[in-house]
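Structural overview
Chain by chain, the residues run as shown.
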Amino acid sequence: MSARENILARIRGAQGKPGGEPTAADLGRVRAVMANPVNGPQPAFAHPPDLLVQFLKECDRVGTTHAQVASEADIPREVARYLAAAGLEARIVAWPAFAHLDWASAGVTFESRPARRDDRTGLTGCTCAVAETGTTLLLSSPDQPKVTALLPETHVCVVRKSRLLGTLEEAFALVRREQGELPRSAFFVSGPSRTADIEQTMVIGAHGPYRVHVIIAP
Amino acid sequence: MQVQSMFFKRRASEKLADGLLQANMRKAKGKFVDARAKAVLEFGNWEPLRDYAAKLRDAALADLDAYLVEFERNATRRGSVVHWAETAEEACAIIVKIAQDNGVRKVTKSKSMVSEEVNLNERLEAAGVQVVETDLGEYILQLAHEPPSHIVAPAIHKSKEQVADLFTEAHGKPRITQIDALTREAREQLREHFLSADMGISGSNFLVAETGTTLTVTNEGNADLVTTIPRIHCVIAGIEKVIPTLEDFACLVRLLPRSAIGQSITNYLTLTTGVKGPGDADGPEQMHIVLVDAGRTKFVGTDLQEMLRCIRCGACMNHCPVYQNIGGHAYGWVYPGPMGSVLTPVYVGIENAGDLPNAATFCGECAVACPVKIPLPDLMRKLRERQFDGHLRPWSERVGLHAWGWLAMRPGLYAFATGWAARIGSWLGGRDGLIHSLPGLDGWTKGRDMPAPSGRTFRDLYRERQGKR
Ligand code: SF4
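Here's the deal with the domain arrangement of chain A
What the domain assignment reports for chain A is domain 1 (3-35) and domain 2 (46-217). Spacing between the C-alpha centres of domain 1 of chain A and domain 2 of chain A amounts to 42 Å.

Some details on the sheet that holds strand β12 (residues 211-217) of chain A
Residue and element names in this part refer to chain A. Spatial ordering of the open sheet is given by β1-β12-β7-β4-β2-β3, a layout of 6 strands whose pairing is parallel. Every other strand in the sheet has two partners, leaving β1 (65-68) and β3 (109-112) as the edge strands with one partner each. When strand polarity is set aside, the average angle formed by the axes of neighbouring strands in this sheet is 25°. Lying over the sheet, helix α3 (residues 51-62) contacts β1, β7 (154-160) and β12, oriented at roughly 150° with respect to β1. Strands in contact with helix α4 (residues 75-85) are β1, β2 (91-94), β4 (121-124), β7 and β12; relative to β12, the strand with the most contacts, it is inclined by about 150°.

Considering the environment of Gly238(B)
Residue and element names in this part refer to chain B. Locating Gly238 in the fold gives a position in strand β7 (residues 232-238). Separated by 83 residues in sequence, Gly238 and Ala155 place their C-alpha atoms 23 Å apart. In contact with Gly238, other than residues within four places in its own chain, are Val114, Leu207, Val292 and Arg296.

Details of the interface of chain A and chain B
Counting residues at the interface gives 76 residues for chain A and 107 residues for chain B. The junction of chain A with chain B conceals about 7,700 Å² of combined surface from both sides, 55% of it contributed by carbon and sulfur atoms. If you look at where chain A meets chain B, you find 18 salt bridges. The interface formed by chain A and chain B holds 48 residue pairs in polar contact (both at pLDDT 80 or more) in total.

Let's talk about the pairing of strand β4 (residues 199-202) of chain B
Residue and element names in this part refer to chain B. Residue alternation in β4 divides its side chains into two sets, Met199 and Ile201 and Gly200 and Ser202, and both sets are buried. Bridge count for β4 against β7 is 4 bridges, and the pairing is parallel. Pairing of Met199 across the sheet is with Ile232, part of β7.

A look at the confidence of the model for chain B
The predicted model of chain B has a mean per-residue pLDDT of 90, with 97% of residues at 70 or higher. Among the scores for the predicted complex, ipTM is 0.97 and pTM is 0.91.

Some thoughts on the pattern of salt bridges
This structure, assessed with the given rule, holds 52 salt bridges over all chains. Note that Asp65(B) and Lys17(A) form a salt bridge whose closest N and O atoms lie 3.2 Å from each other. With Asp65(B) in helix α5 (residues 64-77) and Lys17(A) in the loop between α1 (3-14) and α2 (24-35), the pair connects residues from two separate chains. Exposure class is identical for Asp65(B) and Lys17(A). Each is buried. As a salt-bridge pair, Arg77(B) and Glu181(A) come within 3.3 Å of each other at their nearest N and O atoms. Taken together, the residues Arg77(B) in helix α5 and Glu181(A) in the loop between α6 (168-179) and β9 (185-189) connect one chain to another. Taking relative accessible area as the criterion, Glu181(A) reaches 31% and is therefore assigned partly exposed. Among the ionic contacts, a cluster of salt bridges with common partners joins Arg12(A), Lys17(A), Asp26(A), Arg29(A), Asp63(B) and Asp65(B).

Let's talk about the environment of Leu137(A)
Residue and element names in this part refer to chain A. Considering the arrangement of structural elements, one finds Leu137 in strand β6 (residues 135-139). For the pair Leu137 and Leu52, spaced 85 residues apart in sequence, the C-alpha separation works out to 16 Å. When near neighbours in sequence (up to four residues on either side) are disregarded, Leu137 contacts Cys126, Thr127, Cys128, Ala171, Val175, Ala186, Phe187 and Phe188.

Concerning helix α18 (residues 376-389) of chain B
Residues and elements named next belong to chain B. The first and last C-alpha atoms of α18 sit 20 Å apart over 14 residues, in line with the 20 Å expected at 1.5 Å per residue. Residues of α18 that are buried include every one of Leu376, Pro377, Leu379, Met380, Leu383 and Gln387, and no others. The buried residues of α18 occupy an angular sector of 160° when projected down its axis, which confines them to one face. Against the buried residues of α18 lie α14 (315-318), α16 (337-348) and α17 (365-369).

Focus on the site of the ligand
Taken together, 14 residues form the shell around the ligand, and within it Cys310(B), Cys313(B), Gly314(B), Cys316(B) and Cys370(B) come nearest. Classifying every residue of the shell around the ligand gives 12 nonpolar, 1 polar and 1 charged.

Criteria and thresholds
Residues numbered from 1 in each chain as written. Chains lettered and ligands numbered in written order. Predicted model: local features only at pLDDT ≥ 70, side-chain atom pairs only at ≥ 80, totals over all residues. Heavy atoms only, no water. Domains from an automatic or database assignment. Pairing = 2+ DSSP bridges. Helix = DSSP H or I, 4+ residues; strand = E, 2+ residues; numbered from the N terminus. Axes fitted to C-alpha atoms, helices over the stretch in contact; angles between N-to-C directions. Contact = heavy atoms within 4.5 Å. Buried area = accessible area lost by both parts, 1.4 Å probe. Salt bridge = Lys/Arg side-chain N within 4 Å of Asp/Glu carboxyl O. Polar contact = N/O pair within 3.5 Å; in protein donor to acceptor, adjacent residues only side chain to side chain. Buried < 20%, exposed > 50% of the residue type's maximum accessible area, 1.4 Å probe, protein only. pLDDT = per-residue confidence, 0-100. Expected span 1.5 Å × (residues − 1). Arc of directions from axis to C-beta. Near = heavy atom within 4 Å. Nonpolar A, V, L, I, M, F, W, Y, C, P; charged D, E, K, R; others polar.

Structural data, given as structure tokens:
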């Protein structure tokens, strides 16, 4: 008997179920549960009067800085402003979704490619953002490499106002609706990386970015 | 990890006498507890959430076999290879073989308690594979050649000076002791490994049956590098981790970081499903998932099954007065504190860990803190009963309890005996009214003083008050 057969048989035996494998009825039952996902209790602040206010409040709490722009065309200027204010070089690697913007006149050196080890700032978009926790969701695809949000010390992320949701559950429902299922990587980011592994003292900047800056765009 | 739980008493005494450890534990004390309390208060409807989560975990465990089969089906559909391991030995053999078949020379690892259970690092190293722990706490302990002493904060027992010593020796750089500088030094050392590893090994906080997804809930970002950059990603996870849907994950992740460290969410929730898609710039070409039993089915269908709800948040040990004083190593195996006192005796045999279910004051704090409402003191009590029934407690304890039982069944004799015991007890008390030692019971009195009885029994007082009415 294989390990799989033994484990399943042991579980069934211990729970007083007949046979060594789940029956058609057992599988039918769990499939029905999975096909009708149910939300558990949510906190009141997951359903705020203003999603943006709640989102920004949580961003502040997790250490994500933020700015708003009036139009997509303003993104390069905001990136330039942010980098200058933080004392960082005006050079980024980005998802191709931003290649059409006018980076030259904002004075930012722009490359559309996945980040490599020495890149300092990565610019990405996100599939949606979650107000409850100040979280952005990055889904992997050929045009959306995860490393761009992960390797550089600074991650700038553009959030579309129309893609701001209340909860994680809403984010999962959106992915099911639009993509059918999760891609290889679904990466939920809430602020710069951190650790408290030495003397339970929180330090910002562990293995991921030191800085996360969100730009809210229409 | 080698089981040392049979030496609990000796090791606990050593830890209590270890001044440095005591100082480090004092620093940690209360930090997690206060942070959790604040987060719980802020959440609002915490109790309904705990109730819901406990039911959710029970429902998943009631159909554990079916959810595992569904998880396997969906993971396989997405290109993952699902392996099943009955024992620690089998789990290691599977992963060593994956490494060997693919010419893997270097593995980066993010934190996984199951891998500690099965001694994975040792086995991979014996097969000539370099293993690099990348969680900061685990990295520190790898340098120190020590096991973790907490399931969430593995190096909680180390001071920054001790970390500085380890780093100076390992990295050959000038000694620094600022915590942020130490963290940065570790980041720089580990970067190279992240980028050059052939295989990444991670645990999985949950297994989502609906989608075949594995996932990690982390703050550092190391799990993301481990699961994204190497060409092979291997997950090792206990079979009890399976949950039905992504919505269930959303519910449980409201509980986990709040209970663990008082954060409303961790920096990263990393969901990985199958292999990288066509044209994807990153992600692994091979995805392996090893589902491990190694003792878990011994809980299934028993009066201890509730233990399998555990989401490994560490709140029970943070709130445990015993753990707070002796730290994790005294427990002698991977899982310390109250959850370990239930898991370890069942996983490794109660005859090897008999003191653990007794290493509790039964104050009940752990059960109050547990986000999935595991009645930890009740489960420890059940293990004590098993020990008693299995004749695994010392003969003196058995004789004592039998004698007391015999006496308690005979009210006249009981009144006579307790009357004399109370009187003798009051004579034994010193000038401070405390009994410092009792002949034949020094095992109990060595570490404790007992207030001397007043000389009269409850029955005397009761009779007197009734008389006054
Ligand atoms: S037993 Fe409960 S409190 Fe302890 S680690 Fe598990 S889930 Fe957390």
